[in-house]
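Inside the fold
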Amino acid sequence: NAGVTQTPKFRVLKTGQSMTLLCAQDMNHEYMYWYRQDPGMGLRLIHYSVGEGTTAKGEVPDGYNVSRLKKQNFLLGLESAAPSQTSVYFCASSYSTGRGAQYFGPGTRLLVL
Amino acid sequence: AQTVTQSQPEMSVQEAETVTLSCTYDTSESDYYLFWYKQPPSRQMILVIRQEAYKQQNATENRFSVNFQKAAKSFSLKISDSQLGDAAMYFCAYAGSGNTPLVFGKGTRLSVIA
């Protein structure tokens, strides 16, 4: 039981490049989330999904897109990376929204030059 | 919208002593959940403790306990017999009713002094 895994762990991009971050969970959770963490800002929700085929915007969705084609996977895409997107990205999943405790992946550190 | 405030950006505690981290929240709901998460230097987010608002009894997990004051909208975390491994960022989080994700505070960095 791996829990929540994220790929890759670290990536360096040049401004304008695109990339996709992959999140996978093996707990059969309905809900999945993408956060970014910046110094002094805590965790900010980018997008989330309440089930396969659904997505919703969080607090800071601009510049990101997501897809949930399979229940166990949640992809976060950056179409044209900007230095402001340098951050640590966390994926999480939960059995239910809100009331269910969220289980987090180990994070992906992204540096955009 | 609900907000979560952690007023102490940094705190320190001597090993084996007790420390309390503060958290307040703003909500108009009566039914909700509150959480404390720990983030050590490894960056992994770890669930420490959970409190259900309709339960009057404060949650406890080994050396970690909470002081939940519903009327005051306060949810503090007490760490007893502090250990070096407790050094981490601690985040308070709120979960309301309906289909809404967690709302996190900005965190408190705890240092443990040997």
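See above for the structure.
Okay, so let's go over this structure. (Residues numbered from 1 in each chain as written. Chains lettered and ligands numbered in written order. Predicted model: local features only at pLDDT ≥ 70, side-chain atom pairs only at ≥ 80, totals over all residues. Heavy atoms only, no water.)

**Topic: the overall build of chain A**
To keep things clear, this is the line we draw: Think of it this way: any DSSP run of H or I at least four residues long counts as a helix, any run of E at least two long counts as a strand, and we number them from the N terminus. The globule rule is 2.2 Å times the number of residues to the power 0.38, and the radius of gyration it is compared with is taken over C-alpha atoms. Only protein chains enter the area calculation, which uses a 1.4 Å probe; residues under 20% of their type maximum are buried, those over 50% are exposed, and those in between are partly exposed. Should any heavy atoms of two residues lie within 4.5 Å, those residues are considered in contact. Every accessible area reported is derived by Shrake-Rupley at a probe size of 1.4 Å, with residue values counting cover from the shown protein chains alone. Neither His nor the chain ends is counted toward charge; the positive residues are Lys and Arg and the negative residues Asp and Glu. The atoms used to mark charge sites are NZ of Lys, CZ of Arg, CG of Asp and CD of Glu.
Secondary structure assignment for chain A yields 0 helices and 11 strands. A globule of 113 residues ought to have a C-alpha radius of gyration of about 13 Å, and chain A, at 13 Å, matches this closely. Viewed in the frame of its principal axes, chain A has a C-alpha envelope of about 35 × 30 × 25 Å. Here chain A holds 113 residues, and 50% of them are scored as buried. Partitioning the contacts of chain A with sequence separation of at least 6, the portion at a separation of at least 24 is 56%. A total of about 5,100 Å² of accessible surface is found on chain A, and carbon and sulfur atoms cover 53% of it. Both charge centroids of chain A, one from 11 positive and one from 7 negative side chains, sit 6 Å from each other.

**Some thoughts on the pattern of salt bridges**
It is possible for side chains of opposite charge to pair when their charged atoms get near one another. All names here are of chain A. Test applied: We define a salt bridge as a side-chain nitrogen of Lys or Arg found within 4 Å of a carboxyl oxygen belonging to Asp or Glu.
According to the stated counting rule, one finds 6 salt bridges over all chains in the structure shown. A salt bridge links Lys 71 to Glu 30; its shortest N-O distance comes to 3.0 Å. Taken together, the positions of Lys 71 in the loop between β7 (65–67) and β8 (73–78) and Glu 30 in the loop between β3 (19–25) and β4 (31–38) put the pair 41 residues apart, joining distant regions of the chain. When salt bridges with common partners are traced through the structure, they connect Arg 36, Asp 38 and Arg 44 into a single cluster.

**Comments concerning the state of the cysteines**
Heads up, the rule is: The term disulfide is used for any two cysteine sulfur atoms that are within 2.5 Å.
Counted by the stated rule, this structure contains 2 disulfides over all chains. Paired through a disulfide, Cys23(A) and Cys91(A) show a sulfur-sulfur distance of 1.8 Å. Around the S-S axis, the bridge from Cys23(A) to Cys91(A) shows a dihedral of about -75° and counts as left-handed. Within this pair, whereas Cys23(A) is found in strand β3, its partner Cys91(A) is found in strand β9 (residues 87–94), the two being separated by 68 residues in sequence. With its sulfur 2.0 Å from that of its partner, Cys23(B) forms a disulfide with Cys92(B). The S-S bond linking Cys23(B) to Cys92(B) shows a torsion near -70°; that makes this disulfide left-handed. Of this pair, Cys23(B) sits in the loop between β3 (19–21) and β4 (24–26) while Cys92(B) sits in strand β10 (residues 88–95), placing them 69 residues apart in sequence. Residue Cys92(B) is classed as buried on the basis of its relative accessible area, which comes to 0%.

**Description of the sheet that holds β3(A)**
Strands pair in a sheet through their backbones, by hydrogen bonds, and they do so in one of two ways: parallel or antiparallel. Residues and elements named next belong to chain A. The line we're drawing: Strands are labelled as partners when DSSP assigns at least two bridges between them. For helices, the fitted line uses only the C-alpha atoms of the stretch in contact; every axis is such a line through C-alpha atoms, and the angle between N-to-C directions lies from 0 to 180 degrees.
The strand order across the open sheet formed by 4 strands is β1-β3-β8-β7, and the pairing between neighbours is antiparallel. In this open sheet, the two strands that pair with only one neighbour each are β1 (4–7) and β7. The sheet shows a mean angle of 20° between the axes of neighbouring strands, taken without regard to direction. Pairing analysis gives 4 bridges linking β1 to β3, with the strands arranged antiparallel. Paired with Thr 7 across the two strands is Leu 22, which belongs to β3.

Purely spatial values, then, with no claim about function.
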